[in-house]
Each structure stands twice: as C-alpha cells, then as structure tokens.
Amino acid sequence: MQNSNRATGSLGTFGGVFTPSILTILGIILFLRLGFVVGQAGLLRALAIICLANVISVLTSISLAAIATNLRVKGGGYYYIISRTLGLEFGGALGIVLFLAQSVSIGFYLIGFGEALSVLLPPGLWTSPQLLALYALLPLFLLAWLGADWATKFQYLVMGCLVLALGSFFLGGGLKWEMATAAANWSAPAGGLGFWAVFAVFFPAVTGFTQGVNMSGDLRDPTRSLPLGTFAAVGLSMLVYVLAAGVLAGSLPAGTLQTEYAAMQTVAYGSWLVLIGVIAATLSSAMASFLGAPRILQSLASDRIFAWLLPFAQGVGPMNNPRRAVLLSAGIALGVVGMGKLNAIAPLVSMFFLLSYGLLNYATFYEARSQSPSFRPTFRFFDFRLSLIGAVACLGVMLAISPASGVAAVAVLGALYQYLRRTSGPAKWADSQRSYHLQQVRTHLLAAARESEHPRHWRPQILAFSDNPDRRPQLLRMSQWLEGGSGLTTVVNIAEGQGAKALRDSKEQQEALAKDIAANESHAFALGVAAPDLRTGIHILLQSYGVGPLRANTVLLHWLHNASHAGRVSEDPALNLRTAFRLGHNILMLDAGESKWQALVEDADRQLRIDIWWWGEATSRLMLLLGYLLTRDSFWQEATINVLGVQGAAEANTQSKDLQEVLDNYRVQAESSWVEAGDASAVVKHSADASLVFLPFGLRRFEIVDPFGGDVDWLLPRLPVTVLCLAAEDLDLDAEPEEGPAGEAGKAVHAYEDARAKQEKLEDEEKKAAAKADDLHQELEAAKISGASEEELAAKQDAFKESAGHKDQVVKKSAKARAKAEAAKKKAEELGGLTPEPEEGEGDDKNGRQDAG
C-alpha cells in the first residue's frame, strides 16, 4: 500500500510550528499585561491563572497530538481536524468561529503594538495607538499577501529581538528583586479585579500554540512537527511566564503594576531592548494570525460548506496563497483596531479560543470513544479522559468568565450547526432504558445507511460457527479479543432438517448458545438457524445475516482437523469455506488445543508475543489490523507484535519501502524482520515460542493448505495457539477521509458546479454576441436603404461578418460547455452527489430538484 498523501509544504518543525507558536505566546500579554495581572491578582493568584491557562493549553495540545498522529492534518488546521472528526456541521460552524477569532487577534495584537510604540513618540493625534496600529497593518498585509515563506523569514528576526528583550528583563529584574516587595505582592490587593476577570485578560497569552496547527498545509511533515513543536512551545513559554511573574512581583509595588502597562521596561536593564521586543513580538503575533486566519477560511471555502464562501477557496502560486481571504482578514482587523481598547477585546478573543479548544478536545474524546480501528494515534501519552477533562474545563472557564457570553457563544455555534445540519442534507426520548437503546440503534443504523462505506469505518463483524460446547469458550474469548471493543460477534449453530423439529432444535441450540455466552461473560449474540442441509444454511446465512449497513464480514470457526467437532463443516470443508470466501467474508480458523490454550491463558507472568507472518497482500493487512485490535484488550495490552516478512514472496519483492516503514505508515507499533522461508519449517523455527500466531492459508481445489502449499495438519501441532486467515476484502489501513465513494461524489459535484458556471458564462456571452450581430445586421440593411457609399457599406459588411463569425465561435463553445455540464451532472447523480431531477409532471421544481451546494 503506497502512501501518496504526504504533505507538500516546505516548513519544518522549528520554522513552521515552534517559532510562530512561541512568538505568539510570548507576545503582547507578556510584555504589556503580565504586570497588570500580577498587580490585580497578587503573585499567588497570578501563578494560579498562569497554571490554569496552561493546563487548558496542555490538555488541548495532547488532544491535538493524538489527532495529528492519527490523521494527516492538511490545510485549515483546527477546522480540518474538527470537520474530519465530527463532520462538516461542527467543522463548518467552528471554522467560522476560528476564522473570526484569528482575524480579531490581528487587530488585538496591533493595538498592543500601538500602545508600546506610542510611549516613544510625542503625544498627538497622529501618534495615537490606534493610528500606529493602522500604520503597521499595511506592511503585515503585504507580507501575508506575499505568502508564508516571506513571513517565516521575518519570524527569525523577531526571535532574536525577543531573546534580547527577555535577557534584558531578567537581568534587570535580578538586580532589583527584593523579598519584601515579593511578600507584599503575594496576596491580591484590596479592591482588585476578580479572579475570572483577570483570567480573561491573561488567557489570550496561551492561545498562540494554535499557530502551528493553522500552518499545517505548509508543513513538510505535520504528523511529526505538530506535536513536537507545540509541546516545546507550550513548555518553554509556561516556564518564562512563571519566572517573569515572580520577577515582576519582587521588583515593583502593586500600585505600579496595576497602572503601569510598561512595567517590564521599568524593570529591565535596558528598557529600549524590551521595547524592541514588545514591538517585534506584537508584530510577529499579528503576522502569525494573519497567516492562520486566511488559511482556515480557504480550507472552509474549499469544502463548499457555505456556498457564499466559494470565492475564498482560490489561491495563488505554488503554495496556494489565499489572497482573497487575506483581504477579508485585513478588513476585520481594521474594524477591531477601530475599537481601540485592549482590555475590552481580550475577553472576546478568550471566548472565541476557549470555544474552539473545547470543541477540539470533545472531538478527540468522541473519536477515541468510538473505538474505531482506524483510530491508532502514535502519540503514546494520550488518554481519552484527558480530552474530556479539557472539554469540560474550557466550557467551565467560559461560563466563569462571563455566563452570558459563554451561553451566547455556545448558542451561536449550535445555531450554525443546526443550520448546516438542515442545509447539508437530511430523536425521540423513550420511557425506559431499553426503549432508548432500541431507538438509538434505529437512528444510528439509518444514519449509517445514508453514508457511503469507507475503509476508515471498517470493523470486524464476526459470525462464529460453533456446535461443540466444550470448545465454545475458546471461540467466544478469541472473538472478543479480535473485536478490539469495536466490532460485534454472533455465535451461530445450524440445525439440519425440515419442519417443526428443525425449528425446535434451532431454538434450543440458540438458547444453549445464549447460556454459554452469559456464562463466559462474552458480548456476543446467539443465533440458531434451521436449514435443509449445512451447505444451504451457510449459503443463505452469509447472504442474509445483518440489518441495513450492519453485515457480517468475517467468519470464525475452529480448525477442521477434528471433523466431528468442527461445526459439521466436514462434509466438504474446503467447498464450504470457498463459498464463504466467494460471498465476500474473511475466514479465520482457530487452532487451540486444550494444552495450548491453557498455556496461553494461565501463564500471565510471561511477556506475550503475537507473531504475524507477512506476505504483503490483503490477508497480511487483515492479520496486522486484527493483531492491533488484540492489543486493545487488557489481556494483550502489554503484548509485543512481531511481524515476520517472508523474503521471496512475490508481493514482498515488489515493495519499495522497508517493512518497518510500512508498519509505521499504518500506525501499528510492531517489531519487524525479514525471514528466509522456503517451507513451513521456517514458521516453526521462528514462532514455536510465540504466544499467538497469525498465519495465512489457501484453498487449493478441495484442500486447505499452508502459505507454502503444504499440509496444514503437519504444521499446526508444532505451533502455539494459531489463527489461520484468508482475506476476502483488501483493507486500506491508511485511507484518508477524502477517499472512497463519498469523496468521489463530492469531487463530481464540484466538477458539475464548475462546469455549470462556465456554461452560464458562455451562454451569457452567446446572448451578447447574438445581440451585437443583430444590431450590425440592422445597421447594414439601413445603410443599404439609405444609399450609403460603397466604402461605408463595405465597412459595415466586414463588421457584420466579423461579429457573425465571433457569434458562431461562441455558440460552439457554449454547446460544448453545455454538453460537459450535462455529463458532469449525470456523473454526480450516478455517484449520489446530486438527486436526479424528476421527469416533467412528476413534481414541481421546488420539491423535485436538489441543486448542488
């Protein structure tokens, strides 16, 4: 499986994530409002505010790291993550909020720049903070207009200024620091602002860690750079804020801190260095937001969630720079600068970002709790409970800062969500818990049926055949391991015969199965089936089992060497297995003799090892995913997955990638090695001491053979517990959200919309050309009647011919465009992206037509 969806950006971890993040975090709040925070809240509460704000940023960073290492984050950053996790309704609603938050931040940082620079200039109308902010807006707009590479070069200059400014501040603070001053500033002063009011002013300080996410489309390797750069920026900035708060508390009295926004300059050894740092940091923060906001809007517009945003999808140059979105961000920033009050804007910025962080945390929690096999983040420190805590913390802080504003923000987001839910295409409470669950099952099955199948949705839906009560516990436990908390198992027994007796036998067998399931504390379902004979029963069952989109995809049974205890498939085992295979079911056969099984489940002290024999084909990918799902169970969670690639296999020789790189791309943590294996003895040599072995098998006429074409009965007794596998479907373990039928339908709709727009443009041009030709023809005829000169008649004749020729060309182009639009529309309808229009008389246009968009 080739990995062809690598990011195409040019920025690395330091330039693309760490630098914009750290420069935005160590910006306007640090230099112009940290003293105010310490003076109003006291050092103790200031440290609590810093810690609480950073707890939210750390929890959100953990969620971000989980998503970023499970999904290739493309352009749009947070919007891309949310829309690909919670769907376009939440993604579209949050995308608007994020764009506004980033655009408002531009004006917020520029006002800080104006405040810092105004102290250097003589007071007057032309040197007011607002006008200075407007002066700075133009060069930043030009940098954003030119693109990310130019802005990145600007960042490194700012980084140097920031280091000098902080060095000057800490040096001066060390010389002026006094214990008595620090003690006096330890507690909150009388009459100071409340905790949450000060928190709202401070919180924008930690929002800068999102800047790297916003630049995701310009990164070379987002999966690696986003978590690494984000955590480095958050950790270093938190240390700087804690130390800076301590220095300010010990250097200046509370009264000065409360009123003097330039407190850091007062403390610093060289105040001009701090001033340069302030100016550079505020401009850099504004620049980072100027780069992030347009890219969010461009990604949102590219997905065509809001039709009126479509013009903003267009980019310029090889990096697809979103210049139209840059213009809109500049307009919003201009309006914010007009407000002119930093402390009034800060709570608004805080509310926007808290809302987006809360939703990101919830999206990660939602993804993790769905137990999807495709959720395999390589970030090891992720726990879904941390994401839930982060979501709750963001909501709680929003309500604590301003209950009315918090409720209003959530209401706006909910309104956008409901609008998108209704416009993007189509629950009742119940009086008992069982009725509630049944209603939810119905709702979810219907919703799943409306969505196209996608490789990322694949889960093991197992039919386990068992008529031997003695061996059934092994089958039940193995199926539960293989589910990995994400699939379903139905244990089946087929009663052969006809009439009332067969039906009675099937019912009794189903009851016996249910009792065994309960006794073994399994989550499986029981199913008894009556059929004239085994082959007919298998054939009908595999085709008809399930409801809606919930269909069995995998058959599990015991190995067939003990024919009398194998579920009576021994009449013609290979033929029955071939039937299941041809009907699209993966086949798993469990070989677990009593001694092997006891050795596996009773020896809990040894290190468990799962061996997977890799041939590089569909069965290998199925075994790899099943091996991963096994490690989700508490019994196997510390187990090591060992993938043994067979040298000489045709598929393996065609692979251009190293086996370990293939596993890394599939996000499965496993050890790998190549093995020279000419026959089954190599399997015994390498896997005899494993805990569990996944091994492919084949069907040759009426025989079941090992991967080398040999006798399976010779191999299995020499191995531990073994699962023989044969895949009937090829699982794409690295599928992206845009792939599959839904993505193809979306592309077809976009192609139709573009073709229709071109058609309408040419039709309009055709009308104008026809009108012009008619006018010239009338002028020619009038000239003939009036007796005009030959020269004048010739000129009018030439003009008419030229106009008529142009009209003919436009008519041909218009006809071609019309044909292309019809073909594009037909394709979109075939793929399900558009609802076909009814024939004339079947309904009016209002109810019968579904336009694109």
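First, a word on what this report is: a plain description of the structure on this page. (Residues numbered from 1 in each chain as written. Predicted model: local features only at pLDDT ≥ 70, side-chain atom pairs only at ≥ 80, totals over all residues. Heavy atoms only, no water.)

1. Digging into the overall build of the chain
No. 1: Scanning the chain for helices and strands turns up 32 helices and 14 strands.
No. 2: Within the chain, the fraction of its 853 residues that count as buried is 52%.
No. 3: Counting every atom, the chain has about 38,100 Å² of accessible surface; 57% of that belongs to carbon and sulfur. (Helix = DSSP H or I, 4+ residues; strand = E, 2+ residues; numbered from the N terminus. Buried < 20%, exposed > 50% of the residue type's maximum accessible area, 1.4 Å probe, protein only. Areas by Shrake-Rupley, 256 points an atom, 1.4 Å probe, with all protein chains shown as cover.)

2. Overview of the side chain of Q474
No. 1: Position of Q474 among the secondary structure elements: in helix 20 (residues 472–483).
No. 2: Sequence-distant contacts of Q474, that is, excluding residues within four places in its chain, are made with H558, L590, A592, E594 and W597. (Contact = heavy atoms within 4.5 Å.)

3. Overview of the side chain of S803
No. 1: Positionally, S803 belongs in helix 31 (residues 790–830).
No. 2: Only 3.3 Å separates the side chain of S803 from the backbone nitrogen of A773, close enough to count as a polar contact.
No. 3: In contact with S803, not counting residues within four places along its chain, are A769, K772, A773 and L776. (Polar contact = N/O pair within 3.5 Å; in protein donor to acceptor, adjacent residues only side chain to side chain.)

4. As for the pairing of strand 1 (residues 461–465)
No. 1: Within strand 1, five of the five residues are buried, which leaves the element mostly enclosed by the surrounding structure.
No. 2: Residue alternation in strand 1 divides its side chains into two sets, Q461, L463 and F465 and I462 and A464, and both sets are buried.
No. 3: Taken together, the five bridges between strand 1 and strand 2 (residues 488–496) define a ladder with parallel strand orientation. Paired with F465 across the bridge in strand 2 is V492.
No. 4: A crossover links strand 1 with its parallel partner strand 2, the connecting element being helix 20, and its sense is right-handed.
No. 5: Inspection of the sheet shows strand 1 paired to strand 6 (residues 554–558) by three bridges, in the parallel sense. In the strand pairing of strand 6, L463 is matched with V555. (Pairing = 2+ DSSP bridges. Right-handed = clockwise from strand over helix to strand, strands pointing away.)

5. Brief notes about the sheet that holds strand 8 (residues 609–614)
No. 1: Spatially, the ten strands line up as an open sheet ordered 3-2-1-6-7-14-11-8-9-10, and their pairing is mixed. Each end of this open sheet is capped by a strand with a single partner; those strands are strand 3 (525–531) and strand 10 (671–676). On average, each strand axis in the sheet is inclined to that of its neighbour by 25 degrees, with strand direction left out of account.
No. 2: When strand 2 meets strand 3, the two strands line up parallel, connected through seven bridges. By the bridge assignment for strand 3, N493 is matched with G528. (Axes fitted to C-alpha atoms, helices over the stretch in contact; angles between N-to-C directions.)

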